[in-house]
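Listed below, chain by chain, are the residues.
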Amino acid sequence: MKKSLFFGLISLVILASAVSAQLTTDWQVFANGVNVKDSPAPVFLLGQENTIRLDFTAVNSSSNVQIIVEWSNSQNQTGFGLETSPFNIVRGMNYSRLMPFETFSSLVPEGKYLMRISIRNLQGTSDNKEIVTFFQSPRIPIYGCGDLNITDAYYVLKKDIKAEDRCFTINAQLVKLDLNLHKVIGAQRGDGVLSNNLYYIAVKNGEISNFSHGISIWNGQYHEISNMLMNHNQGSGISISGGGSHIIKNSAIKNVGYSHDGVTMYGSSNNLIINDTFYHNGEGIYIEEGENNTIQGSRIVNGDIGVSFFSSANNNIINTILDNGLNLKLSGLSEDNRCNHVLTNVSDLNGRPILLYNSRVNLTNEEVNELVLCNADESSFDNIRILNTGNYNNGLHVFRTENTLLSNIFINNTFRLYIDKSSNITITNLRSNNNHYGLKIGRSFNISLLNSVISNNRRGGVVLENVYGFIFTGNYVRFNSQFGILMDDGVTQGLIYNNFFHNILNLAVYNGEINQNSWNVTLQQGYNILKSPYLGGNFWADMNGTGFSETCADTNYDGICDQPYLIDANNTDYLSLTNPLI
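Remember, predicted model here, so these are calculated numbers, not experimental data.

1. Topic: a nonpolar patch on the surface
Nonpolar side chains collect at one region of the surface, where Phe479, Ile504, Leu505 and Met543 lie side by side and expose about 380 Å² of accessible area between them. Locating Ile504 in the fold gives a position in the loop between β48 (500–502) and β49 (507–509). Relative accessible area serves as the criterion here: at 62%, Ile504 is assigned to the exposed category.

Okay, structure coming up:
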């Protein structure tokens, strides 16, 4: 039921004997479920259906007392249907009572109202306590774009409007802008609404589309954006820089294109994004250098990236669906605390969980959409299936993590397994198939890939960037598009032997020549990947049957090519494997 607001005076009238009653009380006041007792600033309920509840506790030590709760406005008018029946407190008795008042059912004049609690005895003495101040601002009709300059004003848009550049600039505190179910349409530039260094601003109930940014908030606090459709804005639907403690709720944000984002926050903290829908954005929510932000009860789908945290900490995603290209992106991880985000009941559209761990964990027998490890040292993962119906979901990401074992990992139709800024990671029996990349390792050392299959990946098999000290052995890297392994000039001290390479291009190099790595061990007895009796180097095949291991001479039939395989000026496989039956 929609109605005007009423915020009145609460009087607790104490009726007692001629002897002054000694009464100790405590109370809490809740507005729409939020405790507003002793609020340091005005509280705005913005014309919605509102419920006020008083929780009252009394300790009476000297006499019987009757308490009557009566509501009145600042003009001492009563009769708003909010009265309660009297209740008694017996001498010496502790008494506690919840007093819920129904949603306001009466129309009251617009204006400013105070809510107070007064405790009085028969001698006329009183204990007056102002609990909180509420505002109901006068409504000002608007018919076009312009500056909103009146403090504590409630602006109401009366028709759809178009703008060639910025539409609304808010220049006063405590402004409420009600679009009243109308559209504000831009010309692909400027801001739909701009607020700079202001407090307690509200924008609600309409559509803002086709601007550079739908709503821009600079260095402000306590803004509320609700019941909005932000549609096809070129930069972002809502852009927040600095400040914080904002609420974005019950809104839908839809943009099309990689650079067109839903909500962007730069250096802003303590914000709440709740019950919102994000569709087809470049990045649904991007938070840079922000802390203690919460994304709750929302749906972020069909975008390139769902939620991106850059150089941020202590953010929360709760009861939210993510189904995008990359669902969760962590970057700017210069310190361990940049890993300290919490995901609670986050999943894709098929109900597969999206998991983030930033401390030691042992996880087995799970099927997930994404798995992200960040500062999760000493962990182990076994028999994990990472599946996705799209083409680009994270798969498995490992950041700033040490001394961790990944075994029996199956990754299919995701973006990749990605290891970055980590050390002493052992991967065994990995099956990484039909992904964007099979495996990418960057800025890490002491990484082992053992007895794994990396095949049929759309862009390539294994990418190595600035990797120091690694072992690859017993792996099948085959049928990957473009390349089997891609290395840059920062890859060094690697030992790569007893692998089966069968790709269009088995080794690709970028950023110049690669450093020297070892491509074989000393010839020794032991069954190799071809089931031949000697260990040495690798098997090199191509898609035409003309690879080095497929055509080399093996005059003594020991399964080792007679000649070394020259990979480049710095790298040679001296003991390449061959099939003695070829």
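2. Topic: the environment of Leu148
Relative to the helices and strands, Leu148 resides in strand β11 (residues 146–148). Put simply, Leu148 and Ile170 are 22 residues apart on the chain and 4.8 Å apart in space, counted from C-alpha to C-alpha. Beyond its immediate stretch of four places on either side in the chain, Leu148 contacts Tyr155, Phe168, Thr169, Ile170, Asn171, Ala172, Val175 and Leu177.

3. So, the state of the cysteines
Inspection of every chain in the model, using the stated rule, returns three disulfides. At a sulfur-sulfur separation of 2.1 Å, the disulfide partner of Cys145 is Cys167. What sets the handedness of the Cys145 and Cys167 disulfide is the S-S torsion sign, and at about -90 degrees it is left-handed. Of the two residues, Cys145 sits in the loop between β10 (139–142) and β11 while Cys167 sits in the loop between β13 (161–162) and β14 (168–170), which places them 22 residues apart along the sequence. Judged by relative accessible area, which is 34%, Cys145 ranks as partly exposed. For Cys167, a relative accessible area of 4% puts it in the buried group. Covalent S-S linkage joins Cys552 and Cys561, the inter-sulfur distance amounting to 2.0 Å. On the sign convention where negative is left-handed, the bridge of Cys552 and Cys561, at about -70 degrees about the S-S bond, is left-handed. Judged by relative accessible area, Cys552 falls into the buried class, the value being 18%. Here the bonded cysteines of the protein are numbered in sequence order, and their pairing is 1-2, 3-4, 5-6.

Analysis parameters
- Residues numbered from 1 in each chain as written.
- Predicted model: local features only at pLDDT ≥ 70, side-chain atom pairs only at ≥ 80, totals over all residues.
- Heavy atoms only, no water.
- Patch = residues over 30% accessible without salt bridge, like charges linked within 9 Å, V, L, I, M, F, W, Y side chains within 5 Å.
- Areas by Shrake-Rupley, 256 points an atom, 1.4 Å probe, with all protein chains shown as cover.
- Salt bridge = Lys/Arg side-chain N within 4 Å of Asp/Glu carboxyl O.
- Helix = DSSP H or I, 4+ residues; strand = E, 2+ residues; numbered from the N terminus.
- Buried < 20%, exposed > 50% of the residue type's maximum accessible area, 1.4 Å probe, protein only.
- Contact = heavy atoms within 4.5 Å.
- Disulfide = S-S within 2.5 Å.

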